[in-house]
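Per-entry structural report
Listed below, chain by chain, are the residues.
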Amino acid sequence: MEVITTHVNSDFDCLGAMIAARKLYPQAEMVFAGSQERSLRAFFLKSAFYAHNFKRVRDIELDAVTRLILVDVRQSSRIGPFAAVAERDGVELHIYDHHPLGAGDLRGTLECIEPVGATVTVFAHLFIERGIVPSPEEATLMMLGLYEDTGSLLFSSTTVRDFQAAAFLLSHGANLNTVADFLTQELTTDQVALLNELINTSTLLNVNGVDVTLAHASVDHFVGDLAVLAHKLRDMESLDALIIAVRMEDRIFIVGRSRIPEVPMGKILAELGGGGHAYAASATVRDMTLIQVLERFPTLLLHHVNPRWKARHLMSAPVKTISDQATIGDVRQILTRYGFSALPVVSAEGTVVGIITRQVAEKAAHHQLSQVSVQKYMSGEFQVVAPDAPAELLKELIVGHNQRFVPVMDKGALVGAITRTDLLRHMVSGVRSAPITPFGSEPATHRGGIKRRQVQRLLREQLSDEMQAILKQCGEVGDDLQVSIFAVGGFVRDLLLRQDNLDVDIVVEGDGIAFAQEFARRYDCRVRAHHKFGTAIVIFPQGYKLDIASARMEYYLEPGALPTVEHSSIKLDLYRRDFTINTLAIALNGKEYGELLDFFSGQRDLNDKVLRVLHNLSFVEDPTRVFRAIRFEQRLGFHLGSHTDSLLRSAVQMGFMDKVGGSRVFNELTIIFKEANPLPAVFRMAELDLLQCIHPSLSFNERKRRIFEAASQAVLWYEFQHADEDLQRWQVYFLCLFADLEQAAIHGISRRLDIPVRFQELFRSQRSRAHQVLRQLARRHGSATPPKPSELYRWLHPLSSEALLYIMARIGEDEVRRWVSRFVTHMRQVKPLLDGHDLRRLGIPPGPCYKKILDALLEARLNGKVVSFEDEIALIDKRFRPSAKQE
């Protein structure tokens, strides 16, 4: 009797290989040696293919077996009751497998072993060589096995022969719809719970420079398809090497997956009695506890993990390039044609001058920039490596500096390229990292460079007790609602810079408005919600405000437009922000409170005092970021990164500022002019030709620089003298910016900036009145006759505080400036001692004469002619009593 069998916990590769083997051994019986994975069991329940003649072990007379055909296995420990058959004298053993030979493996009288991605591939090539034609049903079953074991031909273990096998099966009727239906299975409730435990216990071990993730769990009952969970966890966290160990009842089930040759899973798990190949292996342990198994892994990994390869081992060659004379449209064609995610841009001499990514090219095309030169939006900030560069340097470049594409140069020539890979993505994931130490050592849990306790200390030092309590309350509400809560943006940036900032922005990974409403209900606050953007403002009885937002991503339908908003994760929410220094976040939930998230190297840029955008179309999608760049640069004493500076200038030169709504530009300018000293920002705007974007006649020269400096001194002087007054300093600086413009230009700017009507009075009539007063003051100074106090009052009193300070900034002569300052400090609040009620008591009937009398009293008081009540009454008796009586 001939029997075809495979390993216990069989999968689709086992099934496909058994069906294929039946074509070579048509008289053989197909028998599963043990249980099948859940997906395979589901297949037999749902598919008509169950009619294939599979027998049960109990239906087979084992002593009658004369030839045993093993597929996808060569270990006696994995074939259940057939182990005794394989070792019995007189039994012919044929083996078809794709796993490498291990110690203690069975040896057959006939062996067909190939280092390919699936055992089905071995049979497919035998079919090709022998002219065997599978039916469409058989081809579909074989394709199921091939796709499962190669991850739909995407696993790094996939070979050219696997692709050839897939083409062969497809040409003979393999149904890819059936393949897709059965390879995509929803997880059971038990599997979801187990996967969650594996995620929470994940620990990253660095062995010989290679990262291996170890996860473990315990359940009291059997949960099938552990390999599916391993694949899920590996793909979710973009892991290169993963080992999961799960205690089920009295056994430890271990599954290992590796995408890199440095971590040979088959050899590692063979040490625990298991087996497999370098990229996928498993083991079952009965005589150790879970802790004992976990404690063995550091030693096993140190023994088997090979040191990290160098750049020459990892690079792809030759490298497809694009000329620096090409357009964005040309870039898109090449990226689409070859499936690349990035291209190096080279000059006519062959020098690499930049890198352009698919993301940037697609966004540029979306904004109608296909005909623009690639030089405009390529990244000019990049580093190259030599072929012998170590992997740690590549990690620093690709992850630490977010350089997705690293050219490999040898003696000035481009010899290869290394792209961002899953090998490095774990460094920015939520998996905890730990050194290679015995299991149980406490891993570091911070995601940024600053540890949680340091952040918590900063919170205690920088914030009031009341604000700390509010942040913790946010975390408590988030825990109860089962949503993650984060403080983000400028608040976190300034906390790390040890600068005061009580404008707290909260991001919710979930429904921000629902969170705000629940918070307000618990703590007796008010809520203002904005449903369009998923945001809300929580207003406390004490006056505090919290800005609450749902984690969201934004995209722009056209340059300068307001963004369209969709819900997302905290990482995508931070990615939409303007600069890396504003992408930092602090977790507020109970267990994670104080944990710093830094996905985009914001801490590095804070330390380097540099402003960088997150992507090359940042200023195209939202040109107002140009103003914010200038504001942060000047306020924080930072500088623009060279590439960011180039992108900013390009956006201005290409006219994207013209596409921004006027009210948005006005708002950004207002914020700049609220800074303590806006002069450097104005100078920078002039340097970048931004002023002409506001109005062609707007300029900045030495005279205007002196006006701004004088205005800053006047504002500081005024705020010191009148601390209780709410001076709108930004209005003073707007007047200074418009100082030399004609009235027609002011009207044009009002239209361009869509200045609200309530401010147009200042920029038109108040400004015009101020200029008239300046001329009067100049004439009086030229005549050497100082104005009377009453004249100064008459000229200056109709003007706002902001217009008065503008006048002081415009005045060049100290004497004239003293006239105005004397008015502000001594005359502006002067009033007669008598009022209308006093005039009536004096017997003067009400009427138009009251204004004349009070004006005369004010003039006399200003000019020192009257001092007391008696003086004012005497002046009335002298000048107005007769006329009053006549009226």
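Residues numbered from 1 in each chain as written. Predicted model: local features only at pLDDT ≥ 70, side-chain atom pairs only at ≥ 80, totals over all residues. Heavy atoms only, no water.

Another point: the overall build of the protein. Scanning the protein for helices and strands turns up 39 helices and 29 strands. Over its C-alpha atoms the protein spans a radius of gyration of 39 Å, topping by over 25% the 29 Å that the globule rule assigns to 887 residues. On the principal axes, the C-alpha backbone points of the protein span a range of 145 × 65 × 45 Å. Within the protein, contacts between residues at least 6 apart in sequence are counted, and of these 67% link residues at least 24 apart. With an accessible surface of roughly 39800 Å², the protein has 50% of that area assigned to carbon and sulfur atoms. (Helix = DSSP H or I, 4+ residues; strand = E, 2+ residues; numbered from the N terminus. Rg over C-alpha atoms; globule rule 2.2 N^0.38 Å. Contact = heavy atoms within 4.5 Å. Areas by Shrake-Rupley, 256 points an atom, 1.4 Å probe, with all protein chains shown as cover.)

Burial analysis of strand β4 (residues 67–71) places four of its five residues in the buried class, the great majority of the element. The pairing of strand β1 (residues 2–5) with β4 spans four bridges and is parallel. Paired with Val 3 across the strands is Leu 68, a residue of β4. As defined by bridge partners, β4 adjoins strand β5 (residues 92–97) across five bridges and the pair is classed as parallel. Among the inter-strand pairings, Ile 69 is bridged to a residue of β5, identified as His 94. (Buried < 20%, exposed > 50% of the residue type's maximum accessible area, 1.4 Å probe, protein only. Pairing = 2+ DSSP bridges.)

Another point: unusual backbone geometry. One non-glycine residue with positive phi stands out, namely Asp 72, at about 65°. Inspection of the secondary structure puts Asp 72 in the loop between β4 and α3 (82–86). You can call Asp 72 buried: its relative accessible area is 2%. Even without a glycine there, the phi angle at Ser 152 is positive, about 55°.

For the rest of this paragraph, the subject is the packing of aromatic side chains. This structure, assessed with the given rule, holds 27 aromatic pairs. Each ring, one from Phe 673 and one from Tyr 733, has its centre 6.2 Å from the other, and the planes form 40°; the classification is tilted. You can see Phe 673 sitting in helix α26 (residues 662–673) and its partner Tyr 733 sitting in helix α30 (residues 729–737), a full 60 residues away along the chain. For Phe 673, a relative accessible area of 0% translates into the label buried. Clustering of aromatic rings is evident, with ring pairs tying together Phe 666, Phe 673, Phe 683, Phe 700, Phe 708, Trp 730, Tyr 733, Phe 734, Phe 738, Phe 759 and Phe 763. The lysine or arginine in question, Arg 631, covers the ring of Phe 632, its NZ or CZ lying 5.0 Å from the ring centre. (Phe/Tyr/Trp six-rings, centres within 6.5 Å; stacked < 30°, edge-to-face > 60°. Lys NZ or Arg CZ within 6 Å of the ring centre and 35° of its normal.)

Here the focus is helix α33 (residues 789–796). For α33, the tally of buried residues reaches six of eight residues, placing the bulk of the element in the interior. Those residues of α33 not exposed but buried are Ser 790, Glu 791, Leu 792, Tyr 793, Trp 795 and Leu 796. Buried residues along α33 sit in contact with α32 (757–782), α34 (801–810), α35 (814–827) and α37 (849–862).

As a further point, take the pattern of salt bridges. Between side chains of opposite charge, a pair can form as their charged atoms come close. Under the definition given, this model contains 44 salt bridges. Between Glu 114 and Arg 161 there is a salt bridge; the shortest N-O distance is 2.7 Å. With Glu 114 in the loop between β6 (110–113) and α4 (119–130) and Arg 161 in helix α6 (residues 160–171), the pair connects residues that are 47 residues apart, well separated along the chain. The exposure class of Glu 114 is buried, given its relative accessible area of 17%. Arg 161 gets classed as partly exposed once you look at its relative accessible area, which sits at 29%. Measuring nitrogen to oxygen at the nearest pair gives 2.2 Å for the salt bridge that ties Asp 838 to Arg 841. (Salt bridge = Lys/Arg side-chain N within 4 Å of Asp/Glu carboxyl O.)

The next point concerns the sheet that holds β4. Overall, parallel pairing links the six strands, which are arranged β3-β2-β1-β4-β5-β6 in an open sheet. Either end of the sheet is taken by a strand with one partner, and the two such strands are β3 (54–55) and β6. Both strand β2 (residues 29–31) and β3 contribute to a ladder of two bridges, which runs parallel. For Met 30, the partnering residue across the bridge sits in β3 and is Phe 54. Its contacts with the sheet place helix α1 (residues 12–24) against β1, β2, β3, β4 and β5, and it is angled at close to 140° to β4. Across the sheet, α4 touches β4, β5 and β6, and the angle it forms with β5 is around 105°. (Axes fitted to C-alpha atoms, helices over the stretch in contact; angles between N-to-C directions.)

The subject of this paragraph is the nonpolar core. Generally speaking, soluble globular proteins have nonpolar side chains that are buried together. Grouped together as the largest cluster of nonpolar side chains are 143 residues, with contacts concentrated most on Ile 506, Leu 690, Phe 763, Leu 777, Leu 796 and Ile 807. Apart from the residues lying within four places of it in its own chain, the contact partners of Leu 690 are Val 626, Phe 627, Ile 630, Val 652, Met 657 and Met 685. Counting 45 residues, the second-largest nonpolar core is a separate cluster that includes Ile 69, Val 120, Val 122 and Leu 144. (Core = buried A, V, L, I, M, F, W, Y, C linked by side-chain atoms within 4.5 Å.)

The next thing to look at is the side chain of Ser 347. Mapped onto the elements, Ser 347 comes out in the loop between β14 (342–346) and β15 (352–357). Residue class for Ser 347 comes out buried when judged on its relative accessible area of 13%. Ignoring sequence-local partners within four residues, the contact set of Ser 347 consists of Asp 324 and Val 353.

Let us now look at the pairing of strand β21 (residues 526–530). By the bridge criterion, five bridges tie β21 to strand β22 (residues 535–539) in an arrangement that is antiparallel. Within β22, the residue paired with Ala 529 across the bridge is Ala 536. Connecting β21 to the next strand, β22, in antiparallel fashion are four residues, including Gly 534 with a positive phi near 65°.

Below, the discussion takes up the sheet that holds strand β19 (residues 484–488). An order of β21-β22-β23-β20-β19-β26-β27 is seen for the seven strands of this open sheet, with the pairing classed as mixed. Whereas interior strands pair on both sides, the edge strands pair on one side only; in this sheet they are β21 and β27 (596–597). The sheet strands contacting helix α18 (residues 465–481) are β19, β20 (504–509) and β23 (545–550), and the helix crosses β20 at an angle near 10°. Sheet strands touched by helix α20 (residues 512–523): β19, β20, β21, β22 and β23. Its angle to β23, the strand with the most contacts, is close to 145°.

The next point concerns the packing of α30 against α32. A pair of packed helices can be characterised by two numbers: the angle between their axes and the separation between those axes. Running from N to C, α30 and α32 cross one another at 45°; their axes reach a closest spacing of 11 Å. If you check the angle between α30 and α32, you find them oblique. Viewed along their axes, α30 and α32 form a crossing whose handedness is right-handed. The segment α30 lies against α32, with Trp 730, Gln 731, Phe 734 and Leu 735 engaging Phe 759, Leu 762, Phe 763 and Arg 767. (Parallel < 35°, antiparallel > 145°, perpendicular 65-115°, else oblique. Left-handed = near helix turned anticlockwise from the far one by under 90°.)

Taken as a whole, the protein shows an average pLDDT of 85; of its residues, 92% reach a score of 70 or greater. By mean pLDDT, the top-scoring element of the protein is α4 (96), and the lowest-scoring one is strand β18 (residues 432–434) (35). Across residues 425–449, where pLDDT falls below 50, the model places 61 contacts with residues more than four positions away in sequence or in other chains. (pLDDT = per-residue confidence, 0-100.)

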